[in-house]
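Chain by chain, the residues run as shown.
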Amino acid sequence: MKIVLQNLTKKFPSRNKKSPGDVIAVNDFTFEIPDGQLIGLLGPSGCGKSTALNLICGLQKPTEGKIFFGEEDVTPLPPEHRGVGMVFQNYALYPHLTVLKNITFPLENLRGANRLSKEEMERKALEAAKLVQLEGLMDRKPSELSGGQQQRVAIARALVKTPRVLLLDEPLSNLDARLRLQTREEIRRIQRQTKVTTIFVTHDQEEAMSISDMIVVMKDGIVQQIGKPQQVYDDPVNLFVAKFLGTPPINIFQGSVSGGKLCIGEESVLALQGVPEGTVTVGIRPEGFILQQDGPLTCDLTRVEVMGRDISVVSAHPCAENPSIRSIINAENIVDTEAKTVRFALNPRKVYLFHPQTGERLPFTPG
């Protein structure tokens, strides 16, 4: 099911007496979600991603704009008539019901021609349970399940009605690290198997990038960038997107451009063209540092962390935004841990320049 959002806007009245007026939670959101895709809505708390999800499922009405499922305008429809399956952060399972009863609960509310027999409901529930690999636990109650199993029950309950759209609101935030990894792999497997259009809301960029076909990065209700995860990581449109994506995060420096050279502090670190002279904000991905004895960028060595196949070199620089700079290099490199400084060359494809005031990306040509 294709989903089209047209100029979607949601305003709430301000509760701050000192700052009256409307709070814009979602601001002019226009996007077409292709049929059968898994889309990640990504951003920090308060960016409007959950509000956008609530607008799509019908729990909230937009102040402006329209929502289409296929060619059908569903903007005025209540949630129960939109054909959506919703999975919440807190699972929202009924503690006194078994797994079977939790999954069949949405089917029990069907009326008229859609009404199902008990046998049909149990058959559909078993099919949904098999999708999430819970068919052997149908007689258990939620308290007898692990957190990951409870989340899978919630997913099965959302899928049992064969929804046109599956909406997941921070579904992994209550799980520990290992369960998060396992469950997100399950979500991706289930989505590919069912081919249901899915929107996944999260503040965890690693989660969004690992399972999404496309990601939508939001800030303060405004869409910052839309694209495939790797493309957004490699080609951020502004400083916010560059800083939000990446683990470890991008390293930020204050720099300047002069005479066709990028300078950080007193050192000329990269030859480039196409950027006006003046101050710039410099972003360097951790993998963009190349250990080199006579490299142009000199940093104060803090420590070296061995991570198996890679080494994390932790250093400092007076022009860096954060106290620590993290550089990821291959473990085959030898770092003199007794040295006071470490020197790097830079991979220009992992170096980004931004306007120091607006944060907008400044494209350049190396050399």
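Residues numbered from 1 in each chain as written. Predicted model: local features only at pLDDT ≥ 70, side-chain atom pairs only at ≥ 80, totals over all residues. Heavy atoms only, no water.

A. Region of the structure containing the sheet that holds strand S5 (residues 72-73). Spatially, the four strands line up as an open sheet ordered S2-S1-S4-S5, and their pairing is antiparallel. Looking at which strands have only one partner, the edges of the open sheet turn out to be strand S2 (22-33) and S5. Inspection of the sheet shows strand S4 (residues 64-69) paired to S5 by two bridges, in the antiparallel sense. Across the sheet, the residue bridging to phenylalanine 68 is aspartate 73, located in S5. (Pairing = 2+ DSSP bridges. Helix = DSSP H or I, 4+ residues; strand = E, 2+ residues; numbered from the N terminus.)

B. Molecular detail of the nonpolar core. By size, the foremost hydrophobic cluster in this structure holds 35 residues, and its most contacted members are Ile103 and Ile187. Those elements that place two or more of their residues in this core are helix H2 (99-108), helix H3 (118-131), helix H4 (147-159), strand S7 (165-169) and helix H5 (177-194). By residue number, the principal contributor to this core is H4, which donates six residues. Discounting residues that sit within four places of it in the chain, isoleucine 103 has contacts with Ala125, Ala128, Ala129, Met138, Val153, Ala156, Arg157 and Val160. (Core = buried A, V, L, I, M, F, W, Y, C linked by side-chain atoms within 4.5 Å. Buried < 20%, exposed > 50% of the residue type's maximum accessible area, 1.4 Å probe, protein only. Contact = heavy atoms within 4.5 Å.)

C. Structural detail: the packing of H4 against H5. Viewed as axis vectors pointing N to C, H4 and H5 meet at an angle of 20 degrees, and their least axial separation amounts to 10 Å. In this view, H4 runs roughly parallel relative to H5, as classed from their interaxial angle. In the packing of H4 onto H5, the handedness of the crossing is right-handed. In this structure, H4 uses Gly148, Gln151, Arg152, Ile155 and Leu159 to contact H5, whose residues at the interface are Leu179, Thr183, Glu186, Ile187 and Ile190. Of the residues belonging to the contact of H4 with H5, the class tally is five nonpolar, three polar and two charged. (Axes fitted to C-alpha atoms, helices over the stretch in contact; angles between N-to-C directions. Parallel < 35°, antiparallel > 145°, perpendicular 65-115°, else oblique. Left-handed = near helix turned anticlockwise from the far one by under 90°. Nonpolar A, V, L, I, M, F, W, Y, C, P; charged D, E, K, R; others polar.)

D. Focus on the side chain of lysine 10. Of note, lysine 10 is situated in strand S1 (residues 3-13). One buried charged side chain, lysine 10, makes no salt bridge at all; its nearest oppositely charged neighbour is aspartate 22, positioned 10 Å away. Beyond its immediate chain neighbours, meaning those up to four positions away, lysine 10 contacts Val23, Ile24, Ala25, Val26, Thr51, Leu55, Gln60, Lys61, Pro62 and Thr63. (Lys, Arg positive; Asp, Glu negative; His and termini not counted. Salt bridge = Lys/Arg side-chain N within 4 Å of Asp/Glu carboxyl O.)

E. Layout of the packing of H2 against H4. The N-to-C vectors of H2 and H4 enclose an angle of 30 degrees; their axes lie 7 Å apart at closest approach. The orientation of H2 with respect to H4, classified from their angle, is roughly parallel. Crossing angle aside, the handedness with which H2 passes H4 is right-handed. In this structure, H2 contributes Val99, Asn102, Ile103 and Pro106 to the contact, and H4 contributes Val153, Ala156 and Arg157. Broken down by class, the residue content of the contact of H2 with H4 amounts to five nonpolar, one polar and one charged.

F. Focus on the layout of surface pockets. Its volume calculated, the largest pocket comes out at about 840 Å³. Around the largest pocket sit 29 residues that line it, and Glu80, Val84, Gly85, Pro106 and Lys161 are the ones nearest its centre. When residues of the lining of the largest pocket are traced back to their parent elements, those giving at least two are strand S6 (84-87), H2 and H4. Residues belonging to the lining of the largest pocket are distributed by class as follows: 17 nonpolar, six polar and six charged. Approximately 200 Å³ is the volume found for the second largest pocket. For the second largest pocket, the full set of lining residues is Leu291, Gln292, Gln293, Leu301, Ile334, Val335, Asp336, Ala339, Thr341, Val342 and Arg343. In terms of residue count, the dominant contributor to the lining of the second largest pocket is strand S19 (residues 341-346) (three residues). A breakdown of the residues in the lining of the second largest pocket according to their chemical character gives six nonpolar, three polar and two charged. (1 Å grid on protein atoms, 1.4 Å probe; cavity = no way out; pocket = protein on both sides within 12 Å on 5 of 7 lines; lining within 4 Å. Points joined across faces, edges and corners; volume = space filled by probe spheres on them.)

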